[in-house]
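# Summary of the model geometry
If you want the building blocks of each chain, they are given just below.
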Amino acid sequence: MTSLRLLLWIVFGITLQLGTFLGVAFWRHWREFSALKSGLVAADGATAWNGPLVVQQPGHESWVGFRPFRVVRKVIEDQAESIRSFYLEPEDGQPLPSFKPGQFLTFRLEVPAATGGLEPIVRCYSLSDAPTPDYYRISIKRVPAPPASSWPPGRSSTYLHDHIEVGDLLQVRAPAGHFYLDRSDAPVVLVAGGIGITPLLSMLNWSLAEQPGREIWLFYGVRNSRELIMKAHLEALATAHPNFHLRLCFSQPLPDDQLSRDYQHQGRMDIPLFRQELRLRPYHFYVCGPTPLMETLIPALEDWGVPAAHIHFEAFGPASIKRQQPDALSGAETLAQETASGILVNFAKSGRQLAWQSGTANLLEFAEANGISINSGCRAGGCGSCQTRIASGAVSYRQAPDFDPEPGTCLMCVCTPKTSVTLEA
Ligand SMILES: Cc1cc2nc3c(=O)[nH]c(=O)nc-3n(C[C@H](O)[C@H](O)[C@H](O)COP(=O)(O)OP(=O)(O)OC[C@H]3O[C@@H](n4cnc5c(N)ncnc54)[C@H](O)[C@@H]3O)c2cc1C
Ligand code: FES
């Protein structure tokens, strides 16, 4: 073979390889483009699904207001005995509506008042299992009084742990909330701090049952083995599903807690840990945990380059998470200039007009700090207890609240005034 023929063969080989590569790449892009056009693929390449997330069977519709549910099981979940699950069935025996994995229930309880008698309180608790037609499950952590304080321990959690037994009735509002896992093939990272595991357990159980091929990670942070819940269940899932990656993270392991055997990571859940564990993929992060975790991790994920639309979170109480990128999913209005001067808040029923103090977290705290009593429950935008009519002016939310306020009203626990405002309070 002459050197010219050899050269021609080499050129032919390279051209053939290049052509094949370009052909395959073009075919792949064409498929994605066609799917995008028909709405089947999200912008990051994950396959979205156009049908409803949960299929509601006829006769299983949701309800309005509070509905009595009977506690049919009560289970201690952790070695420290501070978390109990409650299994609930509707007292009327009618079918149970499904819910989106990650949503919560709202409860109205009559708890003993400090002054004697009973007082009504409203609290939200996440559904901690995948939707099933048989029961709802919630898992509640007992909240102690802050150290060295004279405050009583958490009223709702203490009451549920100590006074509510199998057979008792609880008044429950229908599942709600915007923090839920979508049906798609986008890889998912669940990050749970302590009791923040509850909505993520629902997402995990649902995802592995409904979408067994989807890549899913759970970083579950607690102080040590005494605080873990459902460890056997989680480990069984990890064994059964190679695409589910479980990482237990202990910040203060006990002397008996053994790295690798009992947990995989010592320390906090942070970006270096994710960098070390995760591959370069367009993950969606779902984060739920205590305020300090949320307030550091959400901005850190944004700094790391995770798009705002891929960061989903829920706080169980008042947390002021400042997002650097606009909240693409919630469509929330931009927060009013917190330093804005000259904003007046007029409490019409109380006959008070006050200058808004920059730096105050929300209108509820502002009212209470000025001695104006407002009905409240979750203080996190979930239950609707603090809904108040706006007579004039406008308010803004940092992110869309879980409870959808009626037009012309606001949820005082999670909004601030955008202009001078008159509230019917
Ligand atoms: C959407 C959502 C989902 C949730 N899901 C869950 C869940 O799945 N599991 C779960 O366990 N929790 C969950 N929570 C939290 C739950 O709703 C309650 O906030 C929690 O149980 C505490 O309520 P409590 O009535 O027991 O405590 P509270 O009575 O509200 O007291 C809270 C703390 O404040 C202290 N305190 C009392 N009085 C005062 C005072 N005057 N000044 C200062 N401090 C005081 C108490 O000692 C206690 O430490 C969720 C919250 C939300 C918003
Ligand atoms: S107190 Fe629950 S929404 Fe404001």
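Residues numbered from 1 in each chain as written. Chains lettered and ligands numbered in written order. Predicted model: local features only at pLDDT ≥ 70, side-chain atom pairs only at ≥ 80, totals over all residues. Heavy atoms only, no water.

This paragraph deals with the packing of aromatic side chains. A complete count under the given rule lists 13 aromatic pairs for this structure. Considering the side-chain rings of tryptophan 63 and phenylalanine 69, the 5.5 Å spacing of their centres and the 35 degrees angle between planes classify their relative orientation as tilted. The residues tryptophan 63 and phenylalanine 69 share a single accessibility class, namely buried. Taking the ring centre of tryptophan 63 as reference, the NZ or CZ of arginine 67 above it sits at 4.8 Å. One residue, arginine 108, lies across the ring of phenylalanine 66, its end atom 4.5 Å from the ring centre. (Phe/Tyr/Trp six-rings, centres within 6.5 Å; stacked < 30°, edge-to-face > 60°. Buried < 20%, exposed > 50% of the residue type's maximum accessible area, 1.4 Å probe, protein only. Lys NZ or Arg CZ within 6 Å of the ring centre and 35° of its normal.)

Time to look at the sheet that holds strand 2 (residues 83-90). Read across the open sheet, the six strands follow the order 4-3-6-1-2-5; overall the sheet is antiparallel. Each edge of the sheet is formed by a strand with only one pairing partner; in this case those strands are strand 4 (118-126) and strand 5 (136-141). Direction aside, the axes of adjacent strands within the sheet are offset by 40 degrees on average. Relative to strand 4, strand 3 (residues 104-112) runs antiparallel, the two sharing nine bridges. When the sheet's bridge partners are listed, arginine 108 is paired in strand 4 with valine 122. Helix 2 (residues 155-163) contacts strand 1 (66-76), strand 2, strand 3, strand 4, strand 5 and strand 6 (169-176) of the sheet and is inclined by roughly 90 degrees relative to strand 4. (Pairing = 2+ DSSP bridges. Helix = DSSP H or I, 4+ residues; strand = E, 2+ residues; numbered from the N terminus. Axes fitted to C-alpha atoms, helices over the stretch in contact; angles between N-to-C directions. Contact = heavy atoms within 4.5 Å.)

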